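Here is how the chains run, residue by residue.
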Amino acid sequence: MTIKVGDRIPSVTLKYLGKEGMAEVKTDELLAGKTVALFAVPGAFTPTCSAKHLPSFTSNAEALKAKGVDQIVCLSVNDPFVMKAWADKNEVSPDTVFMLPDGNATLTKALGLEMDGSGYGLGTRSQRFALIATDGVVTHLGVEKPGAFEVSSGEAILAAL
């Protein structure tokens, strides 16, 4: 079942690389009491994700925060080391966009937004999407059609606020 507006984002624990090394974050704690713009990419370092999707949120971070977004989160079915390297390569600080690795696709599958990228050698990945959640409840959801980049950009989320 795919998550929809009005649903609560499932509580899962994910690992990421923080200042002190490997750390854990629970989604319900990450989202509690905040308005969060969460966007998901099929893969770090991939062309559209690197050239368009991530930059659309970094360049709009201040505007999103001015419209009430407390935190921007980038989700990808990649391991914590890849997500940290991608953040470093793109000079993205956790204060701008929190890079959230979903190495086992735990959250992606719980949201019902996984895709089979095995034809490209990618295995299970996330569909490209973006959502707004208030206190963990989805208030807006834009899921892209395969190959598209229209409803999940930073600009699209800014317009939805």
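Note that the structure is predicted; figures quoted are calculated from it, not measured.

*Asks:* Tell me about the sheet that holds strand E9 (residues 137–143), and name the residues and values.
*Replies:* One open sheet accounts for five strands, arranged E5-E4-E3-E8-E9; its pairing is mixed. Strand pairing shows two members of the sheet lacking a second neighbour, strand E5 (98–101) and E9, which therefore form its edges. Taking each pair of neighbouring strands and ignoring which way they run, the sheet shows an average axis angle of 20°. Relative to strand E4 (residues 71–76), strand E3 (residues 35–41) runs parallel, the two sharing six bridges. Of the residues in E4, the one forming a bridge with Ala37 is Ile72.

*Asks:* Before we move on, can you summarise the pattern of salt bridges with the specific residues and values?
*Replies:* Per the counting criterion, the structure on display carries three salt bridges. The partner of Asp7 in a salt bridge is Lys4, and the shortest N-O contact between them spans 3.4 Å.

*Asks:* Can you explain the pairing of E3? Please cite residues and give values.
*Replies:* Burial of E3 is extensive: seven of the seven residues sit out of reach of the surface. The side-chain alternation of E3 yields two buried faces, one formed by Thr35, Ala37, Phe39 and Val41 and the other by Val36, Leu38 and Ala40. Sheet topology note: the E3/strand E8 (residues 129–134) ladder contains six bridges and is antiparallel. Among the inter-strand pairings, Leu38 is bridged to a residue of E8, identified as Leu131.

*Asks:* Would you mind going over the pairing of E5 in detail, with residue names and values included?
*Replies:* Burial of the side chains of E5 extends over both faces: Phe98 and Leu100 are buried on one face and Met99 and Pro101 on the other. The sheet contact formed by E4 and E5 spans four bridges and is parallel. Along E5, the bridge assignment pairs Ser76 with Pro101. Crossover E4 to E5 through helix H4 (residues 80–89) is right-handed.

*Asks:* Got a sec to walk through the UniProt feature "active site" (unreviewed entry) in the protein? Specific residues and values, please.
*Replies:* Taken from the UniProt record, the annotation "active site" (unreviewed entry) applies to Cys49. Mapping Cys49 onto the fold places it in helix H2 (residues 47–58). With residues near it in sequence (within four places) discarded, Cys49 still touches Val41, Pro42, Gly43, Leu54, Pro55, Trp86 and Arg128.

*Asks:* Describe H4, with residues and values.
*Replies:* What H4 keeps buried is the set Pro80, Met83, Trp86 and Ala87. In an axial view of H4, the angular spread of the buried residues amounts to 125°, which keeps them on one side of the axis. Exposed and oriented more than 90 degrees from the buried face of H4 are Phe81 and Lys89. In this fold, the buried residues of H4 make contact with strand E1 (13–18), strand E2 (21–26), E3, H2, E4 and E5. The opening residue of H4 is Asp79, an N-cap whose side-chain oxygen sits 2.8 Å from the backbone nitrogen of Phe81.

*Asks:* Please provide a residue-by-residue account of unusual backbone geometry, values included.
*Replies:* Phi is positive for Phe45, close to 70°, though the residue is something other than glycine. With respect to the helices and strands, Phe45 occurs in the loop between E3 and H2. By relative accessible area, which is 43% here, Phe45 ends up partly exposed.

Parameters at a glance
- Residues numbered from 1 in each chain as written.
- Predicted model: local features only at pLDDT ≥ 70, side-chain atom pairs only at ≥ 80, totals over all residues.
- Heavy atoms only, no water.
- Pairing = 2+ DSSP bridges.
- Helix = DSSP H or I, 4+ residues; strand = E, 2+ residues; numbered from the N terminus.
- Axes fitted to C-alpha atoms, helices over the stretch in contact; angles between N-to-C directions.
- Salt bridge = Lys/Arg side-chain N within 4 Å of Asp/Glu carboxyl O.
- Buried < 20%, exposed > 50% of the residue type's maximum accessible area, 1.4 Å probe, protein only.
- Right-handed = clockwise from strand over helix to strand, strands pointing away.
- UniProt positions renumbered as here; feature names shortened; annotations may be inferred.
- Contact = heavy atoms within 4.5 Å.
- Arc of directions from axis to C-beta.
- Polar contact = N/O pair within 3.5 Å; in protein donor to acceptor, adjacent residues only side chain to side chain.

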